[in-house]
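# Examination of the molecular architecture
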Amino acid sequence: MADIVMELRHIQKFFGSSQVIHDVSFQVKKGDFVTLLGPSGCGKTTILRMIAGFYEPDSGEIELAGRRIERVAPYDRNTAMVFQEYALFPHMNVFENVAYGLRVRHEGSDSVKKKVGEALALMQLNGLESRYPNQMSGGQQQRVAVARALVMNPDVLLLDEPLSNLDAKLRESVRVELRAIQQQMGLTTIYVTHDQQEALSMSDSIIVMKQGVLHQQGRPEEIYFAPKTPFVADFIGTTNLLPIEGNGSCQVVYGSDPLLADTICSVGTGVLSVRPESVRLSRTADAADRVNVLTARVTHSMFLGEKRRYFLQDRQGREWLADLYDPGIAIFNGDVYMQFAADRSHAIVGQEPG
Amino acid sequence: MQEGTVGREQSGWAFELRTLRREPQLLLAIVLVFALFGVFIIYPFVKLLLVPSAADWQHAVTGRIFIEAFEHTIFSSLLATTMAMILGFIYAYAMNYTDIPGKRFFQIVALLPTMAPSIVSGLAFIMLFGRRGFITYHWLGLHTDLYGWFGLWVVQTIAFFPLAYITISGVLKSISPNLELAAQNLGARGFYLFRTVTLRLATPGLASAFLLVGINSLADFGNPMLVGANYHVLATEAYAQVVGAWDLPMGATLSVFLVIPTLLVFFVQRYYLEKHSYVTVTGKPVAGMQRVTVSPLVRWLLFAFCVLICAVILLIIGIVCLFAFTRTFGYDYTFTMEYFIEGVLQSASMKNSWIASICTAAITTILGIALAFLTLRRRFPGRTVMDFLAMLPVSLPGTFIGLALIMAFNQGPLALTGTLAIIIIGMTLRQLPVGYRQAVAGLSQIEKSMEQASTNLGANSFVTFYKVIVPMLKNALSISLVYSFMKSMNTLSTVIFLISPEWNLASINIMSLADQGFLAVASATAVGMMLTIFVTFGLAKLFLRDQINIFDL
């Protein structure tokens, strides 16, 4: 496969005697925006740092642009990184910060000037060349940090939660902008975040990790609609997880209720994931002739603006969440029927609830 | 997945060496540092330990005068250290916990004595309270003799007060005011607050400060020489053995005995106190916070105390100046430049001191930062050994360093005795821990990601060091430059064995002139010394502008 630009093979990493990365392997296609997603402590930053060379894997291989790099010094890798805290040099102004890497490479001053100018223009930083980091807002500093990495034209651009220090509004607009620039430049990018919205909205491919184990790699839609483990289902978005058993007749059994799931004819025990927004509620029994109907009792509900979130308890005592969009002012109370479509309930077979 | 395979992080010598091989320059630098340490620290000290014979050791522990010198050393330094600590604490408390008027003035005056050799207090003592002292003899007509332990106590207390004050002030500053505010918020006030919070938090730091001042007074050479008279301490006895009795092995033996308590203190501080400290060295002061925790009465008592201390310090400096510029102070008050010309302008010693000190300051500062970078930010075999060796000289008395150096470099391929080089080496050894510690403190405050960003953009260790680390450490760098320059100008014990007729130094001149009774020339030289330091700082300030903070220690 010619368009694979980076590959990690069987990476293991220990801190002392505790293992923080368990046999992680994945491939990155040229020009892709790949997100490492997981809760804190899942090992996503450790992976990023191993790609940059700040840690060495204790076993396994990293290949970048046709070269094995896991033992190469960090300064010989061309893996420019945007740090979470930006790490701008406080004693250099914007221009010098962005020019730093080029000057280390001993590029001619004309070329440096040209490339820095382009990078600054791209990040809309024109006119700020002589500012120092402490004279700029957080958003501007973040742009400088990105420009400093972009200007190196790296084989892979590494981003370590670069948006986590920005306020919510700014975060959203930078998200769009960053993705546009990345696509325009065709820059292979590894992005680390714990924010699922960021991951879903920006990525070509998402890698979900937990406690050093790679749970799933896939397109955002795959990750969202077809999670391979209960953890992925629960971590991305919100979901209802039910323990199920296959009954050999293309149904799954939840307690004593037969249900239909998207993966047809599953056998064995597993977990069924049903998103809250896929659950419909009704008061009347006429829903009973449709598939996947369960009775439940509303414990309470919460108004969230565009939707109302219901907290329910089914006959087996299990808690459910159901989101009703465009809710109006009517509220369900007491006993209700819950219903969801078969193609909206995803069976994860062979897994215990997370 | 390879569950069940037992793994570990790669570590150990082999791994670290493999990482190093990627950067030959770094490896070379590390080897060079170890070579320097081997030649200039380990070799001289081993050599010194090998000089005394068994008989010398035996003689040293049985000879009456030596046992006496040992007792005197312990007794006098305990007295002086305790007193200096008490005064220093009260002073530092007044500076950090009250809003008494004139604080800026008090702070500067308390630091003034550090700009002169510590024997200036001895010199002033002789001039004021000596056998022909201005106050005791001239004014009061007394024929007292305050030389001996009492005089030494007074003089050393004054000499070590600034060190105690600076160190304790640092400890008090690093206590977060938030903790005291929290205690006040819970109803604690006055002495109760002081006892239950401030003092408790400060205790480990104070113990550290006590040991630091203790080491310095144990090793003090000039003051016992000048006002101790027959009250011999180890430092002066070692000198007497070498210079007076030509018994080099005995001098070496005694200096080893002097090292034992200081090394002990060093280990206690390094491996016990530092781990039991509540306050971090890097604790940032809370901006704009003014702690006021004392009642008006206490406030004015503290004010009076500070005035008194300042008066004594100014009296000392004043009397030195008066002696330096009058024909015969006490009898003939005519202004004269004669002594100043003789002691400063016509003597090469001031120039020598300046050259040696500037070189020392530059070397220790650069070496200190390089060492801090290596030990803190790079992994290589022997890192802890390097750290230990860089800090070790802080515990070694100057006389010990001096003796070790002349014994090691008297002959052979590195015959350095009598040269400027050996003086600079001695001073550098003495000051290195200060430069190193400054750099370590500064470097610990810099985010590691700064260097990672630089490496990530293609810079190796060397480029990262001089393009990112050094510029960011400007403050630590300037403090260490200023401090080691000042201390080197003023040092006496380190260089007493290292000077030669060709390379005599101003601090030694002050002592020998005072010892021989040429008080006026000695005073003039001391004044010249302070002026030289001031002018150097002035020039540095002129060139470096705001990058240097001389009084903000």
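Residues numbered from 1 in each chain as written. Chains lettered and ligands numbered in written order. Predicted model: local features only at pLDDT ≥ 70, side-chain atom pairs only at ≥ 80, totals over all residues. Heavy atoms only, no water.

## Side note on the sheet that holds strand β9 (residues 205–210) of chain A
Residue and element names in this part refer to chain A. Spatially, six strands are ordered β6-β7-β8-β3-β9-β10 in an open sheet, and the strand pairing comes out mixed. Each edge of the open sheet carries a strand with a single partner, namely β6 (81–82) and β10 (213–218). The pairing of β6 with strand β7 (residues 157–160) spans two bridges and is parallel. If you follow Val82 over to β7, its bridge partner there is Leu159. (Pairing = 2+ DSSP bridges. Helix = DSSP H or I, 4+ residues; strand = E, 2+ residues; numbered from the N terminus.)

## Overview of the sheet that holds strand β5 (residues 67–68) of chain A
Residue and element names in this part refer to chain A. Strand order in the open sheet formed by four strands is β2-β1-β4-β5, and the pairing between neighbours is antiparallel. Every interior strand has two partners, whereas the edge strands, β2 (18–29) and β5, have only one. As paired strands, strand β1 (residues 4–15) and β2 are joined by eight bridges and run antiparallel to one another. For Ile11, the partnering residue across the bridge sits in β2 and is Val24. Along the sheet face, helix α1 (residues 44–52) touches β1, β2 and β4 (59–64) and points at about 115° away from the line of β1. (Contact = heavy atoms within 4.5 Å. Axes fitted to C-alpha atoms, helices over the stretch in contact; angles between N-to-C directions.)

## A look at the nonpolar core
Residues Met6(A), Ile47(A), Val98(A), Tyr100(A), Ile190(A), Phe37(B) and Ile423(B) are the most contacted members of the largest nonpolar core, which totals 202 residues. Counting residues domain by domain, this core receives three or more from each of domain 1 (17–50 + 337–553) and domain 2 (52–281) of chain B. If we skip the residues at most four places from it in the chain, Ile190(A) touches Met6(A), Val28(A), Val34(A), Leu36(A), Leu48(A), Val156(A), Leu157(A), Leu158(A) and Leu159(A). Listed in part, the 43 residues of the second largest apolar core include Leu87(B), Leu112(B), Leu163(B) and Ile309(B). (Core = buried A, V, L, I, M, F, W, Y, C linked by side-chain atoms within 4.5 Å. Buried < 20%, exposed > 50% of the residue type's maximum accessible area, 1.4 Å probe, protein only. Domains from an automatic or database assignment.)

## Points about the interface of chain A and chain B
With 36 residues of chain A in contact, the opposing surface of chain B contributes 29 residues. A buried area of about 2900 Å², summed over both sides, lies between chain A and chain B, and 56% of it is on carbon and sulfur atoms. Considering only the surface of chain A that becomes buried against chain B, Tyr75(A), His91(A) and Tyr100(A) emerge as the three largest contributors, covering 23% of it. Across the chain A-chain B interface, the total number found is zero salt bridges. The set of elements that each furnish at least two residues to the side of chain A that touches chain B consists of β1, β2, α1 and α2 (94–104) of chain A. Considered class by class, the residues forming the side of chain A that touches chain B number 21 nonpolar, seven polar and eight charged. (Buried area = accessible area lost by both parts, 1.4 Å probe. Salt bridge = Lys/Arg side-chain N within 4 Å of Asp/Glu carboxyl O. Nonpolar A, V, L, I, M, F, W, Y, C, P; charged D, E, K, R; others polar.)

## A look at the pattern of salt bridges
Pairs may arise between side chains of opposite charge once their charged atoms sit close together. Residue and element names in this part refer to chain A. Following the criterion strictly, the structure yields 24 salt bridges over all chains and no others. In this structure, Glu70 engages Arg68 in a salt bridge whose closest nitrogen and oxygen atoms are separated by 2.5 Å. Salt-bridge contacts for Arg143 lead to Glu177; the nearest nitrogen and oxygen are separated by 2.8 Å. Residue Arg143 is located in helix α4 (residues 138–150), and its partner Glu177 is located in helix α5 (residues 168–185); the two are separated by 34 residues in the primary sequence. A single salt-bridge network, built from bridges that share partners, covers Glu7, Arg9, Glu61, Glu63, Arg68 and Glu70.

## Section: the packing of helix α5 (residues 103–111) of chain B against helix α14 (residues 296–325) of chain B
Residue and element names in this part refer to chain B. Interaxial distance between α5 and α14 falls to 10 Å at its minimum, and their mutual angle equals 40°. Considering their axes alone, α5 and α14 lie oblique with respect to each other. Of the two possible hands of crossing, α5 and α14 adopt the one that is left-handed. Along its contact with α5, which presents Phe105, Phe106, Val109 and Ala110, the element α14 presents Phe303, Cys306, Val307, Cys310, Ile313 and Leu314. Broken down by class, the residue content of the contact of α5 with α14 amounts to ten nonpolar, no polar and no charged. (Parallel < 35°, antiparallel > 145°, perpendicular 65-115°, else oblique. Left-handed = near helix turned anticlockwise from the far one by under 90°.)

## Let's talk about helix α12 (residues 234–244) of chain B
Residues and elements named next belong to chain B. Burial analysis of α12 places eight of its eleven residues in the buried class, the great majority of the element. Regarding α12, the residues found buried are Leu234, Ala235, Thr236, Glu237, Ala238, Tyr239, Gln241 and Val242. Directly after α12, the chain includes Trp246, whose backbone phi takes a positive value near 55°.

## What to know about the pairing of strand β3 (residues 33–37) of chain A
Residue and element names in this part refer to chain A. For β3, a buried count of five out of five residues is recorded, marking the element as mostly surrounded by other parts of the structure. With five bridges connecting them, β3 and strand β8 (residues 189–193) associate as parallel partners. Each residue of the ladder has a partner; that of Phe33, found in β8, is Thr189.

## Overview of the side chain of Thr375(B)
Residues and elements named next belong to chain B. Tracing the sequence through the fold places Thr375 in helix α16 (residues 349–377). At 3.4 Å, the side chain of Thr375 and the backbone oxygen of Ala372 are in polar contact. Residue contacts for Thr375: discarding those within four places in its chain leaves Arg383, Met386, Asp387 and Tyr436. (Polar contact = N/O pair within 3.5 Å; in protein donor to acceptor, adjacent residues only side chain to side chain.)

## Concerning the confidence of the model for chain B
Residue and element names in this part refer to chain B. Looking at chain B, pLDDT values average 83 and 92% of them are 70 or higher. Averaged pLDDT values for the elements of chain B fall to 69 in helix α9 (residues 177–185) and rise to 91 in α16. Here residues 1–5 is a poorly scored stretch, pLDDT under 50, and it has five contacts once near neighbours within four places are set aside; other chains count. For the stretch residues 279–288, pLDDT sits under 50, and the model shows nine contacts to residues farther than four places along the chain or on other chains. (pLDDT = per-residue confidence, 0-100.)

## Side note on the packing of aromatic side chains
The final tally for this structure, using the stated rule, is 39 aromatic pairs over all chains. Between Phe267(B) and Phe388(B) the ring centres are 6.0 Å apart and the planes differ by 25°, which places this aromatic pair in the stacked class. One end of the pair, Phe267(B), is in helix α13 (residues 248–271); the other, Phe388(B), is in helix α17 (residues 383–391), and 121 residues separate them in sequence. On the basis of relative accessible area, Phe267(B) is assigned to the partly exposed category, the value being 36%. The exposure class of Phe388(B) is partly exposed, given its relative accessible area of 21%. Aromatic rings pair up to connect Tyr91(B), Phe105(B), Phe106(B), Phe161(B), Tyr165(B), Trp300(B), Phe303(B) and Phe305(B) into one cluster. Against the face of Phe89(A) rests Arg148(A), its NZ or CZ located 4.8 Å from the ring centre. Across from the ring centre of Trp300(B), 5.1 Å away, lies the NZ or CZ of Arg299(B), which sits over that ring. (Phe/Tyr/Trp six-rings, centres within 6.5 Å; stacked < 30°, edge-to-face > 60°. Lys NZ or Arg CZ within 6 Å of the ring centre and 35° of its normal.)

## Re the domain arrangement of chain B
Residues and elements named next belong to chain B. Once the domains are mapped, chain B shows domain 1 (17–50 + 337–553) and domain 2 (52–281). A straight line from the C-alpha centre of domain 1 to that of domain 2 covers 23 Å. If you look at the interface, domain 1 gives 39 residues, while domain 2 gives 40 residues. Carbon and sulfur atoms supply 77% of the area buried between domain 1 and domain 2, which totals about 3500 Å² over both sides. Remark: the boundary between domain 1 and domain 2 carries zero salt bridges. Our enumeration of links across domain 1 and domain 2 arrives at three residue pairs in polar contact (both at pLDDT 80 or more).

## Thoughts on the pairing of strand β18 (residues 319–325) of chain A
Residue and element names in this part refer to chain A. Buried residues dominate β18, accounting for five of its seven residues. By the bridge criterion, seven bridges tie strand β17 (residues 307–314) to β18 in an arrangement that is antiparallel. Each bridged residue has a counterpart across the sheet, and for Leu312 the counterpart in β18 is Trp320. Between the end of β17 and the start of β18, which pair antiparallel, lie four residues, with Gly317 showing a positive phi angle near 85°.

## Here's the deal with unusual backbone geometry
All names here are of chain A. Of note, Tyr86 is a non-glycine position whose phi angle comes to about 70°, a positive value. Turning to its location among the elements, Tyr86 is positioned in the loop between β6 and α2. Under the relative-accessibility criterion, Tyr86 is labelled buried at 6%.

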